[in-house]
Protein chains: 2
Amino acid sequence: MEKSLVVGVDIGAQSSKLGIVDARGNILCQSVITSLQNELSEYVDDLVKAIEALIDQVGGKHLIKGVGIGAPNANYYKGTIECAANLTWGRDANGQGIYIDFAKIVSSRLGIPVAMTNDANAAAIGEMTYGAAKGMKNFIMITLGTGVGSGIVVDGKVVYGHDGFAGELGHTISIRDGRQCSCGLKGCLEAYTSAIGVARTAQERIKNSGTPSLLREIPVDKITSKDVYDAAKKGDKMALEIFDFTANLLGEAFANFIAFSAPEAIILFGGLTKSREFIEKPIIESMNKNVVSIWKNKVKILFSQLKDSDAAILGASALGWDL
Amino acid sequence: MEKSLVVGVDIGAQSSKLGIVDARGNILCQSVITSLQNELSEYVDDLVKAIEALIDQVGGKHLIKGVGIGAPNANYYKGTIECAANLTWGRDANGQGIYIDFAKIVSSRLGIPVAMTNDANAAAIGEMTYGAAKGMKNFIMITLGTGVGSGIVVDGKVVYGHDGFAGELGHTISIRDGRQCSCGLKGCLEAYTSAIGVARTAQERIKNSGTPSLLREIPVDKITSKDVYDAAKKGDKMALEIFDFTANLLGEAFANFIAFSAPEAIILFGGLTKSREFIEKPIIESMNKNVVSIWKNKVKILFSQLKDSDAAILGASALGWDL
């Protein structure tokens with residue numbers, strides 16, 4: 001019987017989404033598991049069980065061509081997850097990211113071939129095949145979630161680089177010697193413009209200023225980016241300034257990215273894009289202010305047209321066809 | 001008769017180098033003209049004359065397959081030079097870069113097809129074909145000359161981007177709201193790490209500090225990067241600090257570039273690489289300090305193995321074969 005289906009898995013720091021996809025890009029069924037297990041073996045057990053449950057739903061393993069997985073710090077060439085310190089089971093007792101032969105482990109458990117890439121690369125492939133980047137040959141996907149990821153497409157292909165890790169734009173420096181980032185560096189784009197970064201900005205401003213704000217009604221260490229969004233919706237000045245600050249840094253960073261690969265568009269994806277009404281305009285202004293004149297007002301800022309979970313599953317699943 | 005030769009032209013802000021190249025990459029003859037003409041028509045006259053003189057030397061136009069030109073802000077797709085404010089004949093009376101249909105102009109004068117690319121892309125192609133990047137599929141060429149240019153190679157191909165202008169890494173921001181750059185932005189890498197940038201650093205330090213230095217023997221506005229090099233050779237503390245400062249900014253920038261395309265190596269080329277003994281070690285230290293942990297001590301810093309003029313001519317000429 002023809003192997004006419006693939007499995008797509010999107011591993012995030014908090015949760016993992018998985019689904020079975022057919023050749024036309026329909027997600028036949030899907031599920032979610034937590035990613036917060038303490039041990040790798042627990043996580044793999046849970047993931048394999050969840051994949052097998054979906055495979056049973058669609059009619060059995062003989063129909064599955066391959067499994068494509070998008071994960072933080074995943075290596076396309078080697079099928080590994082390396083130094084992913086933001087995964088609870090991806091670090092050692094000292095909090096250092098470890099080297100995991102992930103594709104091999106999952107493949108041997110399932111008896112199905114497995115390919116991996118960076119979660120943001122997977123989202124870029126999904127967007128190129130089904131979303132806002134349809135027909136584009138040069139674009140940059142920026143995922144604004146718990147972290148900040150990126151998938152760079154040049155001439156119709158994802159850039160993997162010499163070692164398979166290309167596209168870590170969340171760890172380019174936004175503010176020299178700035179805020180500590182989870183990656184060990186200081187002042188990374190991710191430390192400011194991820195969901196966690198936005199919450200940290202709010203916490204800092206509450207602690208370091210006397211400005212009145214609705215955010216003061218929340219215990220300071222509990223403030224989330226969602227709280228900032230809710231306050232901004234009510235017109236809270238501090239919340240609006242936090243989004244301006246965040247968007248300004250994104251625009252500055254995008255100006256640098258454009259000088260690299262001259263994309264047709266930068267496509268934004270992930271939780272923070274729910275705040276589009278507060279960040280879109282200042283991102284565009286900041287980008288055009290900071291970019292070389294040949295690109296002023298030329299590069300589109302687009303927001304993903306796919307649901308968060310769909311884009312990641314579809315993108316990851318696309319890797320499965322080549323197995 | 002078989003068209004067995006190509007012409008390579010490297011247009012720099014100060015001078016243009018040109019040569020005739022055979023299929024094995026031998027430069028059969030070459031010459032240099034100034035690039036400092038005030039008018040485009042004067043420059044084109046001088047260039048066409050110089051090309052025709054070389055063509056006569058090798059036996060005539062019927063032997064020439066095409067002309068490849070590397071130039072600042074050249075567009076590979078359109079054969080244009082756009083907004084090249086650092087070319088005397090590339091800007092209008094207000095100093096704004098203009099749009100020049102350069103390949104078409106030169107082609108119609110010579111009666112030979114002409115292709116163009118960014119001068120740094122041309123150098124990258126030369127380095128990939130004959131130099132330090134031989135056999136590499138992923139590297140970044142950085143040209144440290146009057147300006148700072150870049151040619152990015154991903155998966156064996158130069159990155160041109162959506163509009164043909166990709167790879168303007170000299171205009172990524174090094175110091176936010178820093179020194180005015182010729183491109184109109186502030187704080188660009190080029191404003192600090194080009195030959196002119198190094199001279200400006202020296203001039204600023206002479207004016208703003210009382211530190212003793214051999215450089216004080218030179219009229220401050222006449223100081224060049226060569227003077228800084230000569231002083232450093234004599235152990236002058238200020239000159240050595242200037243190279244440290246410059247190398248540190250380069251290393252920081254390279255750390256960001258690595259996060260983009262994960263190159264096997266960054267290859268340095270151009271006048272400032274003559275100061276290798278003063279910049280190599282601090283560049284490597286700064287890069288490894290600022291880069292994401294997965295790339296620490298992994299990306300090679302190489303210096304071009306080709307003579308400045310050869311690499312640019314060979315690289316540009318390679319474009320001529322596809323015409």
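Below you will find a few notes about this structure. (Residues numbered from 1 in each chain as written. Chains lettered and ligands numbered in written order. Predicted model: local features only at pLDDT ≥ 70, side-chain atom pairs only at ≥ 80, totals over all residues. Heavy atoms only, no water.)

Bringing the pattern of salt bridges into the picture now. On inspection of all chains with the given rule, the structure shows 22 salt bridges over all chains. As a salt-bridge pair, E82 of chain A and K78 of chain A come within 3.0 Å of each other at their nearest N and O atoms. Overall, the relative accessible area of 6% leaves E82 of chain A in the buried class. Look at K78 of chain A and you get partly exposed, because its relative accessible area is 45%. Taking the shortest distance from any N to any O, the salt bridge between E264 of chain B and K300 of chain B comes out at 3.1 Å. With E264 of chain B in the loop between α7 (237–261) and β12 (265–269) and K300 of chain B in strand β13 (residues 300–303), this residue pair connects regions lying 36 residues apart in the sequence. (Salt bridge = Lys/Arg side-chain N within 4 Å of Asp/Glu carboxyl O. Buried < 20%, exposed > 50% of the residue type's maximum accessible area, 1.4 Å probe, protein only. Helix = DSSP H or I, 4+ residues; strand = E, 2+ residues; numbered from the N terminus.)

Once chain A is rotated about the relating axis by 180° and shifted along it by 0.0 Å, it coincides with chain B to within an RMSD of 0.1 Å. What we have between these two chains is a two-fold relation. A share of 97% of interface residues in chain A that are also interface residues in chain B marks the association as one of identical surfaces. (Least-squares fit on C-alpha atoms with pLDDT ≥ 70 in both. Contact = heavy atoms within 4.5 Å.)

Turning next to the interface of chain A and chain B. Every contact between the two is made by 39 residues of chain A and, on the other side, 38 residues of chain B. Approximately 3400 Å² of surface area, both sides summed, lies buried where chain A meets chain B, with 61% of it carried by carbon and sulfur atoms. The interface formed by chain A and chain B holds two salt bridges in total. Measuring nitrogen to oxygen at the nearest pair gives 3.1 Å for the salt bridge that ties R176 of chain B to E252 of chain A. Counting the contacts that link chain A with chain B gives 16 residue pairs in polar contact (both at pLDDT 80 or more). (Buried area = accessible area lost by both parts, 1.4 Å probe. Polar contact = N/O pair within 3.5 Å; in protein donor to acceptor, adjacent residues only side chain to side chain.)

Attention shifts here to the sheet that holds strand β11 (residues 157–158) of chain A. Residue and element names in this part refer to chain A. Within the open sheet, the five strands sit side by side as β11-β10-β9-β12-β13. Their pairing is mixed. Taken across any chain shown, the strands that pair with only one partner, and hence form the sheet edges, are β11 and β13 (300–303). With five bridges joining them, strand β9 (residues 139–144) and strand β12 (residues 265–269) adopt parallel strand pairing. Within β12, the position partnered with F139 by the bridge is A265. (Pairing = 2+ DSSP bridges.)

Take unusual backbone geometry next. A positive phi angle, close to 55°, is found at N73 of chain A, a residue other than glycine. Tracing the chain through its elements places N73 of chain A in the loop between β4 (64–71) and β5 (74–75). Residue N73 of chain A is classed as buried on the basis of its relative accessible area of 15%. Look at A262 of chain B: it is not a glycine, yet its phi comes out positive at around 45°.

Another point: helix α2 (residues 102–110) of chain A. All names here are of chain A. Of the residues making up α2, those classed as buried are F102, A103, V106 and L110. Seen from one end, α2 has its buried residues packed into an arc of 95°, which puts them on one side. Residues of α2 that are exposed and point over 90 degrees away from its buried face: K104 and S108. Its buried side turned inward, α2 meets β1 (5–11), α1 (40–58), β4, β6 (80–82), β7 (99–100) and β8 (114–118). Taken from the residues just after α2, G111 is the one with a positive phi, measuring 70°. (Arc of directions from axis to C-beta.)

Before going further, it helps to examine the environment of S31 of chain A. Residue and element names in this part refer to chain A. Residue position: S31 is located in strand β3 (residues 27–34). A sequence separation of 19 residues divides S31 from A50, and the C-alpha atoms of the two residues are 7.4 Å apart. If we skip the residues at most four places from it in the chain, S31 touches S16, K17, L18, A50 and L54.

Right, let's talk about the side chain of T172 of chain A for a bit. Note on placement: T172 of chain A falls in the loop between β11 and α4 (189–193). Within the structure, T172 of chain A has its side chain in polar contact with the backbone oxygen of L169 of chain A (distance 2.8 Å). Those residues in contact with T172 of chain A that lie beyond four places of it in its chain are G187, C188, L189 and F257 of chain A together with N256 and A259 of chain B.

On to the packing of aromatic side chains. Counting across every chain of the model gives 23 aromatic pairs over all chains. Pairing Y43 of chain B with F102 of chain B gives two aromatic rings, centres 6.2 Å apart and planes at 35°, and the pair type is tilted. Placement of Y43 of chain B in helix α1 (residues 40–58) and of F102 of chain B in helix α2 (residues 102–110) is noted, with a sequence separation of 59 residues between them. Like Y43 of chain B, the residue F102 of chain B is buried in the burial classification. On the basis of an interplanar angle of 15° and a centroid distance of 5.5 Å, the ring pair of F243 of chain B and F278 of chain B is categorised as stacked. Note that F243 of chain B is positioned in helix α7 and F278 of chain B in helix α8 (residues 276–290), a separation of 35 residues in sequence. Per residue, the accessibility class of F243 of chain B equals that of F278 of chain B, and both read buried. Taken together, F254, F257 and F260 of chain A together with F254, F257 and F260 of chain B form an aromatic cluster joined through their ring pairs. Here the basic side chain of R205 of chain A rests over the ring of F245 of chain A, its NZ or CZ set 5.0 Å away from the ring centre. (Phe/Tyr/Trp six-rings, centres within 6.5 Å; stacked < 30°, edge-to-face > 60°. Lys NZ or Arg CZ within 6 Å of the ring centre and 35° of its normal.)

Once that is clear, we can look at the packing of helix α7 (residues 237–261) of chain A against helix α8 (residues 276–290) of chain A. All names here are of chain A. Interaxial distance between α7 and α8 falls to 7 Å at its minimum, and their mutual angle equals 40°. As judged from the angle between their axes, α7 and α8 are oblique. Between α7 and α8 the crossing geometry is right-handed. Touching L240, F243, D244, A247, N248, L250, G251, E252, F254, A255 and I258 of α7 are F278, I279, P282, I283, S286, M287 and N290, all from α8. In terms of residue class, the contact of α7 with α8 is built from twelve nonpolar, four polar and two charged. (Axes fitted to C-alpha atoms, helices over the stretch in contact; angles between N-to-C directions. Parallel < 35°, antiparallel > 145°, perpendicular 65-115°, else oblique. Left-handed = near helix turned anticlockwise from the far one by under 90°. Nonpolar A, V, L, I, M, F, W, Y, C, P; charged D, E, K, R; others polar.)

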